[in-house]
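Coordinate analysis (summary)
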Amino acid sequence: MPTIEFEDVSKIYDEDTVALDDVSFTIDEGEFVILLGPSGAGKSTMLRVLNGLTQPTEGSVRIGGEELQGNRSGVGMVFQEHYLIESKTAFGNALSGALSRNGLLRSALGMHDDEDKRTALEALQTVGLLDEAGQRAESMSGGQKQRVGIARALVQNPEIVLADEPVASLDPKAARDVMRYLKKAATEQDLTTVTSLHQVNIAREFGDRFLGIRDGEVIFDGDADDLTMDEMDRIYYGEAQGGETVPTGTTSEELGETDATADGGERA
Ligand SMILES: Nc1ncnc2c1ncn2[C@@H]1O[C@H](COP(=O)(O)OP(=O)(O)OP(=O)(O)O)[C@@H](O)[C@H]1O
Ligand SMILES: [Mg+2]
């Protein structure tokens, strides 16, 4: 399992938009890391850089000591929108994760060997959906679909799983279920996991380590005990709020106790 290293990474989209500003950190193999930060902080950019979907403007990203160049195999991605094929079964969708292993043509032709099929069933078992393997995605709940999305990522036999707000569109219970299965998969398969989350209280339950990102910089790096209300205020508001002058609905207590999104707004 590889280590992830960011060294002085900047991503500048245009003159005005510095999405990542000289970011350096190391993630050890097997860590379950959650990216926290307000909208526009740079979380998705960080995940896209890690996935090779975006090139950093400056700096170096290494996985397992090797400079990251373009899309790397061994990285599974889970998205907020699950992008399942609705008419396909859970099994068919999970199996489509073998695409990157087998090449597009074989996968498009549905040419999967027994090992792929076994891997897909194992992945569905990992996310608790073996009994639903034959069910079409269109008849599944949002949480189940997202678990199929995780299974599809697992079928790629990844060493690293990246997830960009995987539970943002789910209710708190479904969100916890999905996070529980993501964590279980990571633990069982010793995966290095980096996920962004807007629901701070859910993040606290599952993260081993948190990176707080604000204005493209990592301003917090610690575990759940280190992540005090003051630190959360610093991440989301730029400074401790002290609980006095904060408008209703955005105090850190509420951010910690409810499933409102971190910036106080509701997410569809
Ligand atoms: N393709 C792009 N072109 C130009 N600017 C971009 C692009 N993608 C992101 N940005 C900008 O870069 C900054 C960081 O965006 P990013 O999407 O990484 O934030 P985020 O932390 O994921 O936010 P959110 O919580 O809303 O998903 C923002 O200012 C955003 O507008
Ligand atoms: Mg984002």
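If you're wondering where the values come from, they're calculated on a predicted model, not measured in any experiment.

1. Considerations on the side chain of Lys11
Its location among the elements puts Lys11 in strand E1 (residues 4-14). It is Asp14 that comes nearest to the buried, bridge-free Lys11 among opposite-charge side chains, at 10 Å. Separated by 2.8 Å, the side chain of Lys11 and the backbone oxygen of Gln55 make a polar contact.

2. Side note on the packing of aromatic side chains
If you walk through the whole model with that rule in mind, you get two aromatic pairs. Each ring, one from Phe6 and one from Phe25, has its centre 4.6 Å from the other, and the planes form 15 degrees; the classification is stacked. With Phe6 in strand E1 and Phe25 in strand E2 (residues 17-27), this residue pair connects regions lying 19 residues apart in the sequence. Owing to a relative accessible area of 3%, Phe6 belongs among the buried residues under this scheme. For Phe25, a relative accessible area of 7% gives the class buried. Judged by centre distance (5.5 Å) and plane angle (75 degrees), the rings of Phe79 and Tyr83 are edge-to-face. Residue classification places Phe79 among the partly exposed positions, given a relative accessible area of 31%. For Tyr83, a relative accessible area of 56% gives the class exposed.

3. Considerations on helix H6 (residues 142-155)
Between its first and last C-alpha, H6 extends 20 Å over 14 residues, near the 20 Å set by a 1.5 Å rise per residue. Most of H6 sits out of view: 13 of its 14 residues are buried. Asn157 sits one or two residues past H6 and shows a positive phi near 50 degrees.

4. Re helix H7 (residues 172-188)
The terminal C-alpha atoms of H7, which comprises 17 residues, lie 24 Å apart, in line with the 24 Å expected from a rise of 1.5 Å per residue. Within H7 the residues assigned to the buried category are Ala174, Ala175, Asp177, Val178, Met179, Leu182, Ala185 and Ala186. A distance of 2.9 Å separates the backbone nitrogen of Lys173 from a side-chain oxygen at the start of H7, and that oxygen is part of Asp171.

5. As for the site of ligand 1
With respect to spatial proximity, 14 residues lie near ligand 1, and among them Ser39, Gly40, Lys43, Ser44 and Thr45 are the closest. Within the backbone of Ala41, one N or O atom sits 3.2 Å away from an oxygen atom of ligand 1. At a separation of 2.6 Å, an oxygen atom of ligand 1 approaches a polar side-chain atom of Thr45. Coverage of ligand 1 by the protein amounts to 63% of the 640 Å² it exposes when considered alone.

Rules used throughout
Residues numbered from 1 in each chain as written. Chains lettered and ligands numbered in written order. Predicted model: local features only at pLDDT ≥ 70, side-chain atom pairs only at ≥ 80, totals over all residues. Heavy atoms only, no water. Helix = DSSP H or I, 4+ residues; strand = E, 2+ residues; numbered from the N terminus. Buried < 20%, exposed > 50% of the residue type's maximum accessible area, 1.4 Å probe, protein only. Lys, Arg positive; Asp, Glu negative; His and termini not counted. Salt bridge = Lys/Arg side-chain N within 4 Å of Asp/Glu carboxyl O. Polar contact = N/O pair within 3.5 Å; in protein donor to acceptor, adjacent residues only side chain to side chain. Phe/Tyr/Trp six-rings, centres within 6.5 Å; stacked < 30°, edge-to-face > 60°. Expected span 1.5 Å × (residues − 1). Near = heavy atom within 4 Å. Areas by Shrake-Rupley, 256 points an atom, 1.4 Å probe, with all protein chains shown as cover.

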